[in-house]
Amino acid sequence: MGGATVTKADMFDCRDAYVSALEELAVGDERIVSVCNDSVGSSKLGKFRERFPKRLINVGIAEQNMVGVGAGLANGGKIPFVSGASCFLTARAMEQIKADCAYSHANVKLCGISSGVAYGELGATHHSIEDIAWLRAIDGMTVIVPADPWETDQAIRAAAAHDGPVYIRLSRMPVPALERATAQFAIGKGEVLHEGGDIAIIANGTMVHRAIDAAKALAGEGIAARVVNMACVSPVDEELIASAAQTGAIVTVEEGLKQGGLGGAVAEFCAQNAPVPMRILGFPGFVPTGSAAWLLDEFGLNATGIAGAARELMTGRS
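K.L.:
Give me the lowdown on the overall build of the protein, citing residues and values where you can.
P.N.:
Secondary structure summary: the protein contains 12 helices and 14 strands in total. For the protein, the C-alpha radius of gyration of 19 Å lies close to 20 Å, the compact-globule estimate for 318 residues. Expressed as a percentage of its 318 residues, the buried residues of the protein come to 58%. If you sum the accessible surface of the protein, you get close to 12700 Å²; carbon and sulfur atoms cover 50% of it. Computing the positive centroid from 26 side-chain charges and the negative centroid from 35, the protein places the two 3 Å apart.

K.L.:
An account of helix α8 (residues 208–219) is needed here, citing residue identities and associated values.
P.N.:
Over its 12 residues, α8 runs 17 Å from end to end, which matches the ideal 16 Å to within 8%, given 1.5 Å per residue. Taken residue by residue, α8 has Val208, His209, Arg210, Ala211, Ile212, Ala214, Ala215 and Leu218 as its buried positions.

K.L.:
Help me get a handle on the packing of helix α3 (residues 63–75) against helix α5 (residues 94–103), residues and values and all.
P.N.:
The interhelical angle for the contact between α3 and α5, taken along N-to-C directions, is 5°, at an axis separation of 9 Å. The angle between α3 and α5 falls in the class roughly parallel. On the side of α3, the interface is formed by Gln64, Val67, Gly68 and Ala71, while α5 contributes Gln96, Ile97, Asp100 and Cys101. In the contact of α3 with α5, the residues fall into 4 nonpolar, 3 polar and 1 charged.

K.L.:
Describe in detail the sheet that holds strand β13 (residues 250–257), supporting the description with residues and values.
P.N.:
Ordered by their spatial adjacency, 5 strands build an open sheet running β9-β11-β10-β13-β14, and the pairing between neighbours is mixed. Each end of this open sheet is capped by a strand with a single partner; those strands are β9 (191–194) and β14 (278–283). Ignoring which end each strand starts from, the neighbouring axes of this sheet average 25° apart. With 5 bridges connecting them, strand β10 (residues 199–203) and strand β11 (residues 225–229) associate as parallel partners. Counterpart to alanine 203 in the pairing with β11 is asparagine 229. Sitting on the sheet, helix α10 (residues 262–273) is in contact with β10, β13 and β14, with an inclination near 145° to β13.

K.L.:
Which residues make up the packing of aromatic side chains, and what values go with them?
P.N.:
Evaluated as defined, the whole model comprises 2 aromatic pairs. Pairing phenylalanine 48 with phenylalanine 52 gives two aromatic rings, centres 5.0 Å apart and planes at 50°, and the pair type is tilted. Given the relative accessible area of 0%, phenylalanine 48 is considered buried. Accessibility expressed as a relative area gives 11% for phenylalanine 52, which makes it buried. With 5.5 Å between their ring centres and 80° between their planes, phenylalanine 283 and phenylalanine 299 make a pair best called edge-to-face. Separated by 16 residues along the polypeptide, phenylalanine 283 in strand β14 and phenylalanine 299 in the loop between α11 (292–298) and α12 (303–317) bring together distant segments of the chain. The exposure class of phenylalanine 283 is buried, given its relative accessible area of 0%.

Calculation notes
- Residues numbered from 1 in each chain as written.
- Predicted model: local features only at pLDDT ≥ 70, side-chain atom pairs only at ≥ 80, totals over all residues.
- Heavy atoms only, no water.
- Helix = DSSP H or I, 4+ residues; strand = E, 2+ residues; numbered from the N terminus.
- Rg over C-alpha atoms; globule rule 2.2 N^0.38 Å.
- Buried < 20%, exposed > 50% of the residue type's maximum accessible area, 1.4 Å probe, protein only.
- Areas by Shrake-Rupley, 256 points an atom, 1.4 Å probe, with all protein chains shown as cover.
- Lys, Arg positive; Asp, Glu negative; His and termini not counted.
- Charge placed at Lys NZ, Arg CZ, Asp CG, Glu CD.
- Expected span 1.5 Å × (residues − 1).
- Axes fitted to C-alpha atoms, helices over the stretch in contact; angles between N-to-C directions.
- Parallel < 35°, antiparallel > 145°, perpendicular 65-115°, else oblique.
- Contact = heavy atoms within 4.5 Å.
- Nonpolar A, V, L, I, M, F, W, Y, C, P; charged D, E, K, R; others polar.
- Pairing = 2+ DSSP bridges.
- Phe/Tyr/Trp six-rings, centres within 6.5 Å; stacked < 30°, edge-to-face > 60°.

Next up, the structure:
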């Protein structure tokens, strides 16, 4: 970010990083296959299909079958990346995700495309704001929410190397590439992107660059906010949460439900190990039809809303 103005040219679609990593992995490993639900276009798998026509299985609009096929391929020694709109992948195929993937410890990689409120104008049926709360409640399910193209690339590679089911939540909303002093990704680990000792902001996915912008605004007011990118929600980085709690206050922000997601994971740990005042930012429940940009602004999921929550928390502590 570097304090410079971010333009459209500096914004990236993480789906591009996903398919680029997937194609590269497929070149070196014949076990890599893709399974989709008539979503070749929205998953940007067209080039993968051209390069590996026998390694893409399109089951049509049949998400339960799609996940079952993925589990069967995994049982046959393949590494399937099961790709579809996250609202349908997680809701329609929940039983298969639970029983065929997690309970059976199948080596399936679930890729939820166009997550959060990216399909804003299509309304609540197409919003995917419950997915993290649902999936982090399933035993043995690794849940990753990448924040930028580099992290998406790394998450796909880490998922391919990981033995067991993984859910990777991918947005279609453009995000900037984040600046990192040390670029290192590992399942179960978060990272500090902006230093500060007065309050911590823990975010993931599309909210991370907004959290950094909020921290910069707060710095102008003399408030040093630490920004933590918690891409892995399950398993969550408890050591990093404990460190964030030492600032004395935590704001969490996610493009999903307030209940049960990233904020829930942080609150559960803090309540039992490091009690600290918190604000959990997210959607309160079903949200109205509207553009993704309008919905994020309406519910305070932007730099202004994040900074405002931090100020309120700081005021409450004084």
